[in-house]
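# Summary of structural features
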Amino acid sequence: MMLPLDFIDHMRQQLGSEADDLFRSLNTESPVSIRLNDKLDVLTFDSDIDEVPWHIDGYYLASRPQFTLDPLFHAGCYYVQEAGSMFVQQALDQYVKPQSIVLDLCAAPGGKSTLISQFLGDQGLLLANEVDRQRVFILSENIQKWGNGNTIVTHNSAEEYGRKCPNLFDVILVDAPCSGEGMFRKEPQAREQWSNRLVQSCAETQRQILMSVWDALKPGGVLIYSTCTFNQHENEYNVQWICDCLGADILPLQQDPSWNIAEGTDGVGYHFYPHHTRSEGFYICCLRKHEEPFTPFRIKTPKHPLAPAAKPEYLTQAQSWLQHPDRWAIRFTERFATAYPIQYRELVDYLSTFLTCVSTGFGLAEERGKGIAPQHSLSMAKDIKLDAFPNVALTREQALAYLRTEALNLSDVPLGILLLTYEGVPLGFAKNVGNRQNNLYPNEWRIRHL
Ligand code: SAM
């Protein structure tokens with residue numbers, strides 16, 4: 001499909017004679033890139049790899065493997081992420097402390113959330129939010145598979161955050177819904193949907209989102225604004241509007257000239273143009289909200305505490321499945337126990353009273369019969385104590401059968417809960433009941449198409 005004519009005109013005005021190089025690049029193959037999780041020590045791809053220059057864990061693959069056939073993909077060992085988006089790391093490194101409370105407002109499917117979660121490690125807290133009802137579940141799945149336990153996945157609007165969480169966040173990322181010009185190569189239907197009118201309506205929606213969430217950012221806090229489109233209406237002009245109407249200053253991002261990242265018009269933000277960088281189109285700008293006196297976010301102690309006391313023996317058993325039980329608050333709600341960072345216990349308990357939380361940290365245990373059993377999300381968590389369960393190493397074929405939730409046929413394995421691994425990385429649990437092993441992989445995550 002041809003590039004839209006109005007888009008061509010637009011880009012000629014924006015880029016001058018360079019525009020033709022951009023148009024040519026949009027008709028080439030998209031690069032394939034992944035970002036490694038620290039669950040894995042070494043890359044196991046056969047093909048040649050190159051490093052993504054602006055992210056230490058980012059790699060380009062020479063060709064696109066069938067990721068679905070790699071059990072390590074399902075175990076959260078890496079995330080398939082467009083290379084330009086990994087530049088968010090530079091904004092974090094340059095302006096954010098790991099002890100921060102961060103909101104990723106438009107977070108699904110979770111590429112940038114998993115990156116932020118990795119950056120915050122065991123020091124910060126991430127709220128990864130998605131307003132779309134369908135997309136929030138894939139976000140939650142990707143967060144659980146990444147396994148840090150420092151992330152709460154919510155399903156709320158920008159307006160609810162702005163109204164209910166005044167001055168809470170040190171950092172907000174708005175990776176805004178946009179007209180998608182940067183995806184013209186990877187997703188040809190983006191060309192069909194594009195129009196001048198779409199650009200205008202996206203620019204308006206973006207300002208609406210920013211205005212709605214603005215009160216949730218602390219004065220002095222950092223806003224990271226990004227899109228996957230090229231035009232100035234959704235990028236530079238909106239950033240200028242943030243500065244003038246909401247009150248913020250642009251923060252420059254240091255970068256190596258060899259990376260070929262283009263400065264935006266009048267130095268407003270940074271563009272990844274595919275004729276310059278090995279990436280899709282991406283725009284990013286980092287801003288600091290103006291300082292002003294403010295009332296810090298207040299946690300109100302709930303009248304009816306959320307977490308009824310668990311049976312002590314259940315708590316002790318669940319804690320014995322963790323490497324660092326002292327790092328986690330454990331909440332039993334109904335039959336389920338979740339674990340989340342203990343230093344944010346009060347805040348998370350309070351936020352849970354009015355935000356729609358889809359997942360909180362990681363699922364640790366559930367009551368079953370007269371005892372408790374581990375939840376799948378524990379097997380994805382990096383803090384799992386591997387030797388708390390008998391480990392059973394699977395072959396690739398067995399691993400794929402497990403991930404398709406097929407019957408297992410393992411010989412010489414002990415009775416009870418088993419932790420199934422592939423190349424040393426946990427994939428999930430099964431239960432050996434004697435004459436068979438029950439496959440406990442979550443049905444909603446199973447591989448459907450091969
Ligand atoms: N940050 C994601 C990542 O790195 O994987 C990609 C986010 S995508 C560019 C933009 C997201 O914004 C979509 O998931 C979309 O559902 C969400 N969205 C759409 N309209 C929105 C609105 N009015 N307020 C907040 N989010 C919205």
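Just so it is clear, the model here is predicted, and its values are computed rather than measured.

Below, the discussion takes up the sheet that holds strand E15 (residues 336-341). Pairing within the open sheet is antiparallel, and its four strands lie in the order E14-E15-E17-E18. Two strands close off the open sheet at either side, each with one partner strand: strand E14 (328-333) and strand E18 (371-374). Across the sheet, the mean angle from the axis of one strand to that of its neighbour is 25°, orientation sign disregarded. Pairing geometry for E14 and E15, over six bridges, is antiparallel. Along E15, the bridge assignment pairs phenylalanine 332 with alanine 337.

Here we come to the site of the ligand. Around the ligand, a shell composed of 15 residues is seen, among which Cys106, Gly111, Glu130, Arg135 and Asp175 lie nearest. One of the backbone N or O atoms of alanine 108 is found 3.4 Å from an oxygen atom in the ligand. Between the ligand and glycine 110 there is a distance of 3.1 Å, counted from an oxygen atom to a backbone nitrogen or oxygen. Against a free-state accessible area of 610 Å², the protein chains account for coverage of 78% of the ligand. Within the shell around the ligand, the residues separate by chemical class into eight nonpolar, two polar and five charged.

Quick look at the sheet that holds strand E3 (residues 58-61) now. Strand order in this open sheet of four strands is E2-E3-E1-E4, and the pairing throughout is antiparallel. Since the sheet does not close on itself, it has two edges, and those belong to strand E2 (49-51) and strand E4 (78-80), each with one partner. For this sheet, the mean angle separating the axes of adjacent strands, direction not counted, is 30°. Across four bridges, strand E1 (residues 32-36) lies against E3 in antiparallel orientation. Its bridge partner being in E3, valine 32 is matched across the sheet by leucine 61.

Another aspect to go through is the pairing of E3. What you see with E3 is no split at all: Gly58 and Tyr60 on one side and Tyr59 and Leu61 on the other are buried throughout. Where E2 and E3 come together, three bridges link them in antiparallel fashion. In the sheet register, isoleucine 49 faces E3, and the bridge partner there is leucine 61. Linking E2 back to E3 in an antiparallel pair, the connection comprises six residues.

Attention shifts here to unusual backbone geometry. Looking along the chain, the bond that leaves alanine 108 and enters proline 109 is cis, with omega of 5°. Even without glycine at this site, asparagine 167 takes up a positive phi of about 60°. With respect to the helices and strands, asparagine 167 occurs in the loop between helix H7 (158-164) and strand E8 (169-175). On the basis of relative accessible area, asparagine 167 is assigned to the buried category, the value being 14%. At threonine 405, a position not held by glycine, the phi torsion is positive, near 60°. As for its position among the elements, threonine 405 is in the loop between helix H14 (396-403) and strand E20 (416-422). A residue is classified by how much of its surface remains accessible, and threonine 405, at 26% relative accessible area, is partly exposed.

Alternating residues of E18 divide into Gly371 and Ala373 and Ile372 and Pro374, and every residue in both groups is buried. As paired strands, strand E17 (residues 362-368) and E18 are joined by four bridges and run antiparallel to one another. Residue pairing in the sheet places arginine 368 in a bridge with glycine 371 of E18. Here E17 folds back onto E18, and the loop between the two strands holds two residues, one of which, glycine 369, carries a positive phi near 60°.

This paragraph deals with helix H1 (residues 5-15). Along an α-helix, residues three or four apart share an orientation, since each turn contains 3.6 residues. Listing the buried residues of H1 in full gives Phe7, Ile8, His10, Met11, Gln14 and Leu15. The buried residues of H1 all sit within an arc of 165° when viewed along its axis, so they share a single face. Facing away from the buried surface of H1 by more than 90 degrees, the exposed residues are Leu5 and Gln13. Against the buried residues of H1 lie helix H2 (19-25), helix H9 (196-213) and strand E12 (270-272). Just downstream of H1, glycine 16 is the residue with a positive phi angle, here 60°.

The subject of this paragraph is helix H4 (residues 88-95). Every buried residue of H4 is accounted for by Val88, Gln89, Gln90, Ala91 and Leu92. Along its buried surface, H4 packs onto helix H5 (111-120), strand E9 (217-227) and strand E13 (282-289).

The N-to-C vectors of H4 and H5 enclose an angle of 30°; their axes lie 10 Å apart at closest approach. It follows from the interaxial angle that H4 and H5 lie roughly parallel. Of the two possible hands of crossing, H4 and H5 adopt the one that is right-handed. Here H4 contributes Val88, Gln89, Leu92 and Asp93 to the contact with H5, which in turn contributes Lys112, Leu115, Ile116 and Phe119.

Here the focus is the packing of aromatic side chains. Taken as a whole, this structure holds 20 aromatic pairs when the rule is applied. Ring geometry for tryptophan 54 versus tryptophan 259: centroids 6.2 Å apart, planes at 65°, classification edge-to-face. One end of the pair, tryptophan 54, is in the loop between E2 and E3; the other, tryptophan 259, is in the loop between strand E10 (248-251) and strand E11 (262-263), with 205 residues separating them in the sequence. Both residues of the pair, tryptophan 54 and tryptophan 259, count as buried. Between tyrosine 350 and phenylalanine 354 the ring centres are 5.1 Å apart and the planes differ by 75°, which places this aromatic pair in the edge-to-face class. We note that tyrosine 350, like phenylalanine 354, is buried. Directly above the ring of tyrosine 60 sits arginine 278, whose terminal nitrogen or CZ lies 4.0 Å from the centroid.

The rules behind each value
Residues numbered from 1 in each chain as written. Predicted model: local features only at pLDDT ≥ 70, side-chain atom pairs only at ≥ 80, totals over all residues. Heavy atoms only, no water. Pairing = 2+ DSSP bridges. Helix = DSSP H or I, 4+ residues; strand = E, 2+ residues; numbered from the N terminus. Axes fitted to C-alpha atoms, helices over the stretch in contact; angles between N-to-C directions. Near = heavy atom within 4 Å. Polar contact = N/O pair within 3.5 Å; in protein donor to acceptor, adjacent residues only side chain to side chain. Areas by Shrake-Rupley, 256 points an atom, 1.4 Å probe, with all protein chains shown as cover. Nonpolar A, V, L, I, M, F, W, Y, C, P; charged D, E, K, R; others polar. Buried < 20%, exposed > 50% of the residue type's maximum accessible area, 1.4 Å probe, protein only. Arc of directions from axis to C-beta. Contact = heavy atoms within 4.5 Å. Parallel < 35°, antiparallel > 145°, perpendicular 65-115°, else oblique. Left-handed = near helix turned anticlockwise from the far one by under 90°. Phe/Tyr/Trp six-rings, centres within 6.5 Å; stacked < 30°, edge-to-face > 60°. Lys NZ or Arg CZ within 6 Å of the ring centre and 35° of its normal.

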